[in-house]
Amino acid sequence: MMIFVTILQLLAALILITVVLFQSGKSRGLSGAIGGIADSYMAKGKARSIDAKLAKATKWIAAAFVVLTLILNCMAAAGV
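Every residue gets a number counted from 1 within its own chain, in the order that chain's sequence is written. For this predicted model, a pLDDT threshold of at least 70 governs which residues receive local features, and a threshold of 80 or more governs which side-chain atom pairs are given and counted, while totals over whole chains, interfaces and linings are taken from all residues. By convention in this description, side-chain values take in all heavy atoms of the structure and omit both hydrogens and water.

Peer 1: What is the right way to look at the nonpolar core in this model?
Peer 2: Across soluble globular proteins, you tend to see nonpolar side chains buried next to one another. Definition of nonpolar core: a set of buried residues of the types Ala, Val, Leu, Ile, Met, Phe, Trp, Tyr and Cys, connected through side-chain atoms within 4.5 Å. Summary of the burial criterion: residues with accessible area below 20% of their type's maximum are buried, those above 50% are exposed, and those between are partly exposed, where the area comes from a 1.4 Å probe applied to protein chains only. One finds V5, A12, L68, L72 and M75 forming the largest nonpolar core, which totals five residues. Elements supplying a minimum of two residues to this core: α1 (2-22) and α4 (50-78). The element contributing the most residues to this core is α4, with three residues. Contacts are assigned to residue pairs with any non-hydrogen atoms lying within 4.5 Å of each other. For V5, the contacting residues outside a window of four places in its chain are L68, I71, L72 and M75. Think of it this way: any DSSP run of H or I at least four residues long counts as a helix, any run of E at least two long counts as a strand, and we number them from the N terminus.

Written out as structure tokens, the structure reads:
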């Protein structure tokens, strides 16, 4: 059972790394400071963009990773 949970945690870690690497950067340097108004105007469709979906996936996968870590810790403490 512990090996199965460890494999799930490893897969969650690899998927989390991949999802984070696919996200684009939030800061755009000087052009982001100057063109901030245009960015807020274009934010209407931001919730449906790929970056928004990747951000949501990052939160869920990170939560699963934390839960799996806690499960592994409890199993190790119980001596399973």
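That shown, we press on.
Peer 1: Looking at this model, I keep getting lost on α1. Mind explaining?
Peer 2: Residues separated by three or four positions in an α-helix point in the same direction, a consequence of the helix having 3.6 residues per turn. The end-to-end C-alpha distance of α1, which contains 21 residues, comes to 30 Å, matching closely the 30 Å that a straight helix rising 1.5 Å per residue would cover. Inspection of α1 places V5, Q9, A12, L16 and V19 among the buried residues, and these make up the whole buried set. For α1, the arc enclosing every buried residue in end-on projection is 95°, short of the 170-degree limit, so these residues lie on one face. In this structure, α1 carries I3, L10, L21 and F22 as exposed residues pointing more than 90 degrees from its buried face. In this fold, the buried residues of α1 make contact with α4. Helix span, as expected, comes to 1.5 Å for every residue beyond the first. Note that the arc is defined by the directions from the helix axis to the C-beta atoms.

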